[in-house]
Amino acid sequence: MFSIALLVLFGVALALFKLYDVMMNNVMQKQQRVEQEDQEILQKVKLNRFFVETITPNASGKIYWKNVKDSYRENGFIFIHMKNDNCVVIPERVFASASEAAEVFDFITMQIAQNK
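Asks: Is there a simple way to explain the overall build of the protein chain in this structure?
Replies: For the protein chain, the count of helices and strands is two helices and six strands. In sequence order, the protein chain lays out its α and β elements as α-β-β-β-β-β-β-α. When the backbone C-alpha atoms are referred to their principal axes, the protein chain occupies close to 70 × 30 × 30 Å. Going through the 116 residues of the protein chain one by one, you find that 21% of them count as buried. Intrachain contacts of the protein chain at a sequence separation of at least 6 include 29% that bridge at least 24 residues. Only carbon and sulfur atoms are counted for the fraction: they give 59% of the accessible area of the protein chain, which is about 9000 Å².

Asks: I keep staring at the sheet that holds strand β6 (residues 87-91) and nothing clicks. Help me out?
Replies: Two strands in a sheet stick together by hydrogen bonds in their backbones, pointing the same way (parallel) or opposite ways (antiparallel). Across the sheet, which stays open at both edges, the three strands sit in the order β4-β5-β6 with antiparallel pairing between neighbours. Every interior strand has two partners, whereas the edge strands, β4 (68-74) and β6, have only one. Ignoring strand direction, the axes of neighbouring strands in this sheet form an average angle of 15°. Where β4 meets strand β5 (residues 77-82), six bridges bridge the pair, whose relative direction is antiparallel.

Asks: How should the sheet that holds strand β1 (residues 44-47) be read in this particular structure?
Replies: Pairing is antiparallel across the open sheet formed by three strands, whose spatial order is β1-β2-β3. For this open sheet the edge positions go to β1 and β3 (60-64), each flanked by a neighbour on one side alone. Direction aside, neighbouring strands of the sheet carry axes that sit 15° apart on average. Of the pairings in the sheet, the one linking β1 to strand β2 (residues 51-55) comprises four bridges and is antiparallel in character. Of the residues in β2, the one forming a bridge with Lys46 is Glu53.

Asks: Would you explain the nonpolar core in this entry?
Replies: In globular proteins that are soluble, nonpolar side chains generally tend to be buried together. In this structure, Val68, Ile78, Ile80 and Ile108 are the most contacted members of the largest nonpolar core, which totals 15 residues. Breaking this core down by element, the ones donating at least two residues are β5, β6 and α2 (98-114). The element contributing the most residues to this core is α2, with five residues. Residue contacts for Ile78: discarding those within four places in its chain leaves Ser71, Tyr72, Arg73, Val88, Val89, Ile90, Glu92, Phe95, Ala101, Val104, Phe105 and Ile108.

Cut-off values and rules
Residues numbered from 1 in each chain as written. Predicted model: local features only at pLDDT ≥ 70, side-chain atom pairs only at ≥ 80, totals over all residues. Heavy atoms only, no water. Helix = DSSP H or I, 4+ residues; strand = E, 2+ residues; numbered from the N terminus. Buried < 20%, exposed > 50% of the residue type's maximum accessible area, 1.4 Å probe, protein only. Contact = heavy atoms within 4.5 Å. Areas by Shrake-Rupley, 256 points an atom, 1.4 Å probe, with all protein chains shown as cover. Pairing = 2+ DSSP bridges. Axes fitted to C-alpha atoms, helices over the stretch in contact; angles between N-to-C directions. Core = buried A, V, L, I, M, F, W, Y, C linked by side-chain atoms within 4.5 Å.

Quick look at the structure:
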């Protein structure tokens, strides 16, 4: 009897986890447009031959290329990893074309190579 009750509780827990996941995905999809257009959380990334700068309405931070560990492209994003284990993520959807995203990634890898 105890085994059956434990199995039922385990099944209920799995069902609740799945329900929670489905509900959170629906909420995130509904809020996606609002979050993308919210000026308070908008973040800009500026790349030049000296540093990577992240700009928000409240703060700005510069990371010099000598402090960048590596960079790679994956699943429509460009990841720039710092030596202190921070990361700057640039979605490729912000670029006008795939070739522009490739050019930016090539620029990033060139700057990393030149500053090692």
